[in-house]
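Tertiary structure, described
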Amino acid sequence: MRNTIPFNDGWNYSPNFSDEMIGSIASDGFEQVRLPHTVCITPFNNFSPELYQKISLYKKVFVTEKSWEGKKIILSVGAAAHESTVFLNGKELYTHRCGYTAFDVDLSDALNPAGKENVLAIKVDSRESLDIPPFGNVIDYMTYGGIYREVSLKILNPIYIEDVFVTTKGNRFNSRVSLSSESVPQGFTLRQKIMPSVNAPVTGNPDQPCVEINTGASKKIVLTSANASGIALWTLETPALYMLTSELLDENGTVVDSVETRFGFRDIRFDESGFYLNEKKIKIRGLNRHQSWPYIGYAAPKNMQREDADILKYELGLNEVRTSHYPQSQHFVDRCDEIGLLVFTEIPGWQHIGGETWKNQAVKNVEDMVRQYRNHPSVFIWGVRINESLDDDDFYTRTNSLAHSLDSSRPTGGVRYLKNSSLLEDVYTFNDFSFYGVGKGVLHKKKVTNTRGGYMVTEYNGHMFPTKSFDCESHRTEHALRHATVLDTVAEYDEIAGSSGWCAFDYNTHSDFGSGDYICYHGVMDMFRNPKLAAAVYRAQSESDVVGDVLEVSSAMNIGEYPGGARGDVYIITNAESVKLYVNGIFIKDYFPKDSPFKNLRHGPILIDDFIGHRLVDEDGIKEKHGKAVKSMLFALQKYGVDKLPFRYLIKGFFLWLRGVTDANHLRQLYGKYIGNWGGQVVSYRFEAIRGGKVVKQVSLGSAVRAEIALSTYRTSLVEDGTYDMSLVRISALDVNGNLLPYCQEAVELRTEGKIELVGPSAVSLKGGHAGCFIKSVGEAGEGKLIVKDWTGTETTLDFTVALS
């Protein structure tokens, strides 16, 4: 039977490399580290990528066990950025030339005898001058370095199961089992059973398999198939997963190897009318994700990866994510399987196509990507083209054909920015940056391609409107409205299968891009996964049982934020049935989803067209028949200001004066009372989200002089399972009503106590009212505490526990 041993502890790391260091057991000058590991902890911004571009060395000393005799000993590396050469006891064994895919290395023949020490060394080259994808030209993301995913050691019998590939059609199950040997002894058999796993219903006897198969295993490839009974389909709402256990038995009936493969029963297809999951048409609504975080780059352990999937599904309400621009952690995709989040994954690259050696590696990357991710039901398309590259039919014929030969159950796509590009793949996947703030959010399909096949928008917005969480309110509002406009247009155009916006999270990038501080502020969340206003637009498209009750207002109603106090348009973003607005405790109006100008969205942003209600009549003696006209004048002044008032409102004001309804002075007084209020008492606003006749969420705006620090995290219980655990803590400055203070840029001090440690700086400044930090376990069970001290000396704490599995 196989035994898989976590191999993440006890490593020694040197940021320098020399040949003499490879076989030496000495570790003087090395740092003791645990995996995942980054070659350097970076600043938040304003740092050069030269920090992580180096050739470094990881070494681990281990003893050959007596029980390993006659076994295959396989080192499995989740990913190391970007070229990795593995040595054992000074002998070079293998070089892997991709920083985004896993690789296995057979250590068996280079091991020292039982009881003796071995020196395992991995030389990691993280320089961006390598002749491999994605390198060769500028790249709009930092690529970091290190063994940044987990490592394990597999102890196997000489003949073992090398790979299991599962496909389904309806309730029909098919598997392709690859064995490690071309010549399997007579009498070997394969035994398989399928059992319910995550989200799968159990009917009848819980120990009764859905499928049982026994067949001969006398050759390298064994094909099996069967109809499964009582199964549930994998859907976005109920992503039912099943576990296939494949056991290899020798001629005596002894199990010599066993492999578990998790999968789901589901059918997918694209055609010119859209995307279908189990023959149900789905409008794809997603964002792109980079796998990076502040300070640690790519080096985040299992639970951090899984939480990113939860953020996308449960905080942003998405049904899809594109893993731009490379395959990402198996932990992340595992979680997407579990929660019903579709995954578009693609080979590494960004615009540049290199020479033949470079292309050959890209083709190898296609093979590794498909083989390593093809059992994930969430993966619905293979990206087999270098992102935004020019056409190269010879090259892309190879990548497309290879993907189809390895997996005929999924379509291929190739992300491009070119109209009428040469289409070798199944789906025309297009980065549409046509929207500049006016008109439709994306192009109609017929303006991009005449293909009769599927069509999907894979990027939009992004660099067209970068937005920082500390930008002015009108900029943050425009950012949200641009995302809403694209979503609205995609919903309108039936032949567009859906879209992935650019992007989910801000990210560190090279100086050629970004805002001059090595950050691309293209996300609907910042790098610590704190939401910007645009995040609410996505969240509101999902129902409350997925994302909770959503209620955001685009303005804090502070007139000093705007020139001349002209506040402009204000929007409600909600997934509620209605929203009640009160001003100074007086009911003004009910707002409903149908009031939104975004008519193709179920819950588009709703323009607030009335802060006055019936008060002009009740308090100011304006006649009922003139109330609407006076209101429109006041709101025009709010939106445009006096100097830029459109001519039609000047005419309207003239007729109101002519009829004796009001004059310029009276309008100025009414504006001061209801809109501007410059120098007057602060106006209070209350918004109540209504569902089922009850208030489910409330936003109160007005006087809120005190700032408080709030800490939030997905987990305060850390569990070491094969390596350290880590938790992202989001830090926010809130007023007494719980509203974010986006212009609070003060610094906070961070420290920890107990069995945890802080990753990153011990003092950070808030940006847009937000910050974040990472809490990491240290290999000991117990308790810990994060203490955050604000600029007034007030301390806010968060308690953690650490368990060892």
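Overview of the structure.

The next subject is the overall build of the protein chain. Of the regular secondary structure elements, the protein chain holds eleven helices and 46 strands. Compactness check: the protein chain gives a C-alpha radius of gyration of 29 Å against a globular reference of 28 Å for 805 residues, within 12% of the reference. C-alpha extents for the protein chain along the principal axes are approximately 105 × 60 × 55 Å. Looking at the protein chain as a whole, 59% of its 805 residues are labelled buried. Across the protein chain, every contact between residues at least 6 apart in sequence was considered, and the portion connecting residues at least 24 apart equals 70%. Total accessible area on the protein chain stands at roughly 31300 Å², and carbon and sulfur atoms take up 48% of it. Here the protein chain carries 86 positive and 99 negative side-chain charges, and the mean point of each set is 5 Å from the other.

Burial analysis of strand S27 (residues 454-459) places six of its six residues in the buried class, which makes it a mostly covered element. Relative to S27, strand S26 (residues 427-431) runs parallel, the two sharing five bridges. Note on S27: the bridge partner recorded for Tyr428 is Tyr455.

The subject of this paragraph is the packing of aromatic side chains. Considering all chains together, one arrives at 31 aromatic pairs under this definition. Between Tyr148 and Tyr298, the aromatic rings sit 5.0 Å apart at their centres with planes inclined by 55 degrees, giving tilted as the arrangement. Residue Tyr148 is located in the loop between strand S9 (117-125) and strand S10 (151-156), and its partner Tyr298 is located in the loop between strand S21 (284-288) and helix H1 (302-315); the two are separated by 150 residues in the primary sequence. Taken as a pair, Tyr148 and Tyr298 share a single burial class, namely buried.

Bringing the pairing of strand S41 (residues 747-754) into the picture now. Here S41 pairs with strand S43 (residues 763-765) via three bridges, running antiparallel. Bridge pairing in S43 links Ala747 to Ser765. Examined bridge by bridge, S41 and strand S45 (residues 782-789) share six bridges and lie antiparallel to one another. Paired with Glu749 across the two strands is Lys789, which belongs to S45.

Turning to the sheet that holds strand S20 (residues 280-282), a few remarks are in order. With respect to topology, three strands assemble into an open sheet ordered S18-S19-S20, the strand pairing being antiparallel. At either margin of the open sheet sits one strand with a lone partner, and together these are strand S18 (268-271) and S20. Strand-to-strand twist in this sheet, taken as the mean axis angle between neighbours without regard to direction, amounts to 35 degrees. Bridge analysis of S18 against strand S19 (residues 274-277) gives four bridges, and the strand direction is antiparallel.

Attention now goes to the sheet that holds strand S32 (residues 571-574). Reading across from one edge, S31-S32-S35 is the order of the three strands in this open sheet, with antiparallel pairing throughout. Edge positions in the open sheet fall to strand S31 (551-553) and strand S35 (606-607), since each of these has one partner strand only. Alignment of S32 against S35, held across two bridges, turns out to be antiparallel. Counted as the bridge partner of Ile572 is Ile606 from S35.

On to the side chain of Asp250, then. Following the sequence through the fold, Asp250 ends up in the loop between strand S16 (242-249) and strand S17 (255-263). We note that Asp250 is buried and unpaired, the nearest opposite charge coming from Arg191 at a distance of 10 Å. A distance of 2.9 Å separates a polar atom in the side chain of Asp250 from the backbone nitrogen of Asn252.

Scanning the model with the defined rule gives 47 salt bridges in all. The partner of Arg269 in a salt bridge is Glu279, with the nearest N and O atoms 3.0 Å apart. Of the two residues, Arg269 sits in strand S18 while Glu279 sits in the loop between S19 and S20, which places them ten residues apart along the sequence. Here the salt bridges do not stand alone but share partners, grouping Arg262, Arg306, Asp310, Asp334, Arg335 and Glu338 into one network.

Next up on the list: unusual backbone geometry. Glycine aside, the phi torsion of most residues is negative, and most peptide linkages are trans. Put simply, Leu35 and Pro36 share a cis peptide bond, and its omega is 5 degrees. Residue placement: Pro36 occurs in the loop between strand S3 (31-33) and strand S4 (55-63). The residue after Ala81, namely His82, is reached through a cis peptide bond having omega 10 degrees. Here His82 is to be found in the loop between strand S5 (72-77) and strand S6 (83-88). Positioned with a positive phi, Asn46 is a non-glycine residue whose angle comes to about 55 degrees. Note that Asn46 resides in the loop between S3 and S4. Positioned with a positive phi, Glu388 is a non-glycine residue whose angle comes to about 60 degrees. Considering the arrangement of structural elements, one finds Glu388 in the loop between strand S24 (379-383) and helix H4 (393-406).

When you tally the buried positions in helix H2 (residues 330-339), you get seven out of ten residues, the bulk of the element. Along H2, the residues classified as buried are Phe332, Val333, Arg335, Cys336, Asp337, Glu338 and Ile339. A positive backbone phi angle near 75 degrees is found at Gly340, which sits one or two residues after H2.

Contact geometry of helix H3 (residues 356-373) with H4 gives a least axis separation of 9 Å together with a crossing angle of 20 degrees. Relative to H4, the element H3 is oriented roughly parallel. Seen along the crossing, H3 lies across H4 with a hand that is right-handed. Across the interface between the two elements, Glu356, Trp358, Lys359, Asn360, Ala362, Val363, Val366, Glu367, Val370 and Arg371 of H3 pack against Phe395, Arg398, Thr399, Leu402, Ala403 and Leu406 of H4.

What follows concerns the packing of H1 against H2. Contact geometry of H1 with H2 gives a least axis separation of 8 Å together with a crossing angle of 40 degrees. Taken together, the axis directions place H1 and H2 in an arrangement best described as oblique. Considering how the two elements wind past one another, H1 and H2 form a crossing that is right-handed. Contacts from Lys302, Gln305, Arg306, Asp308, Ala309, Asp310, Leu312, Lys313 and Tyr314 of H1 reach H2 at His331, Phe332, Arg335, Cys336, Glu338 and Ile339. Partitioned by chemical class, the residues of the contact of H1 with H2 number six nonpolar, two polar and seven charged.

Moving on to H4. Counted at 1.5 Å a residue, the expected span for H4 with its 14 residues is 20 Å, and the 20 Å between its end C-alpha atoms agrees. The complete set of buried residues in H4 reads Phe395, Tyr396, Thr399, Asn400, Leu402, Ala403 and Leu406. What you see down the axis of H4 is that its buried residues fit within an arc of 160 degrees, all on one side. In H4, the exposed positions that point more than 90 degrees away from the buried face belong to Asp394 and Ser405. Those residues of H4 that are buried are in contact with strand S11 (161-169), H3 and strand S25 (412-416).

What counts, and at which threshold
Residues numbered from 1 in each chain as written. Predicted model: local features only at pLDDT ≥ 70, side-chain atom pairs only at ≥ 80, totals over all residues. Heavy atoms only, no water. Helix = DSSP H or I, 4+ residues; strand = E, 2+ residues; numbered from the N terminus. Rg over C-alpha atoms; globule rule 2.2 N^0.38 Å. Buried < 20%, exposed > 50% of the residue type's maximum accessible area, 1.4 Å probe, protein only. Contact = heavy atoms within 4.5 Å. Areas by Shrake-Rupley, 256 points an atom, 1.4 Å probe, with all protein chains shown as cover. Lys, Arg positive; Asp, Glu negative; His and termini not counted. Charge placed at Lys NZ, Arg CZ, Asp CG, Glu CD. Pairing = 2+ DSSP bridges. Phe/Tyr/Trp six-rings, centres within 6.5 Å; stacked < 30°, edge-to-face > 60°. Axes fitted to C-alpha atoms, helices over the stretch in contact; angles between N-to-C directions. Salt bridge = Lys/Arg side-chain N within 4 Å of Asp/Glu carboxyl O. Polar contact = N/O pair within 3.5 Å; in protein donor to acceptor, adjacent residues only side chain to side chain. Parallel < 35°, antiparallel > 145°, perpendicular 65-115°, else oblique. Left-handed = near helix turned anticlockwise from the far one by under 90°. Nonpolar A, V, L, I, M, F, W, Y, C, P; charged D, E, K, R; others polar. Expected span 1.5 Å × (residues − 1). Arc of directions from axis to C-beta.

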